[in-house]
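Tertiary structure, described
Take a look at the letters that make up each chain.
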Amino acid sequence: MQDWRAQARKNSVEVLEIGSCQFCGAPVDSGVSECVDIAGNVTHKIDHEEGIKNMTIFLCVDAHALQHPEIHGRWSNHFHLSRLELILNDKIYWNYRLSTILSSVVDDYKNRHKEERILPPKPGSRGFLSVYDIDKTQSNDEYIQMVDKWAGEVYKTYIFSHPVSKKIAKLFKEKISSNRN
Ligand SMILES: [Zn+2]
């Protein structure tokens, strides 16, 4: 899957193929492509069911996407930051069905806020941990704790966009409660 390269071109970002990851600072040898490869495998470090139960499957995707917005579409920040808002701040126990609902909430929101952008912190200022640290963990417990810490750190670095993620989280919660009624 090389889509991320096309997205980088679209964002006029030059992808560096050597040294640390230019976006998150992961101490890899082959730059962002190695970082993306690790991210593709890291969710499988624990059993799929455990990953869902502990939400690491969602948190890893969000943390990595928000550390690498240059290789994603511009609305991806809205989705991933809002999911972190809901999981970490609002303590919503996440599952795939909720991701589908959040996608539709973000789609509606997009149509009403066409010009809005979530501006990421500068590359290298998006948290000290990276997918590299997650990949180095030795046990399920360590992995789960490290993913929580990683996602929490990344979420905090987007502080200037929390008003946006809180707005979307509110819309999401309203939608969930109206679905229940
Ligand atoms: Zn990276």
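Summarised in this report is the structure supplied together with it. Every value quoted in this text rests on a predicted model; they were computed, and no experiment measured them. (Residues numbered from 1 in each chain as written. Predicted model: local features only at pLDDT ≥ 70, side-chain atom pairs only at ≥ 80, totals over all residues.)

1. What about the packing of helix α6 (residues 96-112) against helix α9 (residues 162-180)?
Put simply, α6 and α9 touch, their axes get as near as 10 Å, and they point 120 degrees apart. Between α6 and α9, the angle is such that the two are oblique. The handedness of the crossing between α6 and α9 comes out as right-handed. Together, Ile 101, Leu 102, Val 105, Val 106 and Tyr 109 of α6 and Ile 168, Leu 171, Phe 172, Lys 175 and Ile 176 of α9 make up the contact between the two elements. Partitioning the contact of α6 with α9 into residue classes produces nine nonpolar, no polar and one charged. (Axes fitted to C-alpha atoms, helices over the stretch in contact; angles between N-to-C directions. Helix = DSSP H or I, 4+ residues; strand = E, 2+ residues; numbered from the N terminus. Parallel < 35°, antiparallel > 145°, perpendicular 65-115°, else oblique. Left-handed = near helix turned anticlockwise from the far one by under 90°. Contact = placed C-beta atoms within 7 Å. Nonpolar A, V, L, I, M, F, W, Y, C, P; charged D, E, K, R; others polar.)

2. Observations regarding the nonpolar core
If you look at the biggest cluster of nonpolar residues, it comprises 42 residues, and the most contacted ones within it are Cys 35, Leu 59 and Ala 151. Listed by contribution, the elements that provide at least two residues to this core are α2 (31-42), α4 (56-67), α5 (76-89), α6, α7 (131-135), α8 (140-157) and α9. Ranked by residues supplied to this core, first place goes to α4 with seven residues. What Leu 59 contacts, discounting residues up to four positions off in sequence, is Ile 87, Val 147, Asp 148 and Ala 151. (Core = buried A, V, L, I, M, F, W, Y, C linked by C-beta atoms within 7 Å. Buried ≥ 20, exposed ≤ 12 C-beta atoms within 10 Å, placed from the backbone.)

3. Overview of α9
Compared with the 27 Å implied by 1.5 Å per residue over 19 residues, the 27 Å span of α9 between its first and last C-alpha is a close match. Turning to α9, its buried residues number three or more, namely Val 164, Ser 165, Ile 168, Ala 169 and Phe 172. Relative to the axis of α9, the buried residues are bounded by an arc of 130 degrees and lie together on one face. Looking at α9, the residues exposed on the side facing more than 90 degrees away from the buried face are Pro 163, Glu 174, Ser 177 and Ser 178. Close packing links the buried residues of α9 with α5 and α6. (Expected span 1.5 Å × (residues − 1). Arc of directions from axis to C-beta.)

4. Here's the deal with the environment of Lys 136
Mapped onto the elements, Lys 136 comes out in the loop between α7 and α8. In this structure Lys 136 comes out as exposed when scored by C-beta crowding, with 10 C-beta atoms within 10 Å. Spatially, the C-alpha atoms of Lys 136 and Met 146 are 10.0 Å apart, while their sequence positions differ by ten residues.

5. Topic: the packing of α5 against α6
Helix-helix packing is described using two parameters, namely the angle between the two axes and the distance between the axes. Closest axis-to-axis distance for the α5/α6 pair is 10 Å, and the angle between their directions is 130 degrees. Taken together, α5 and α6 sit at an angle that is classed as oblique. Crossing hand, α5 versus α6: right-handed. On α6, the residues that touch His 78, Phe 79, Ser 82 and Arg 83 of α5 are Leu 102, Ser 103, Val 106 and Tyr 109. Within the contact of α5 with α6, the residues separate by chemical class into four nonpolar, three polar and one charged.

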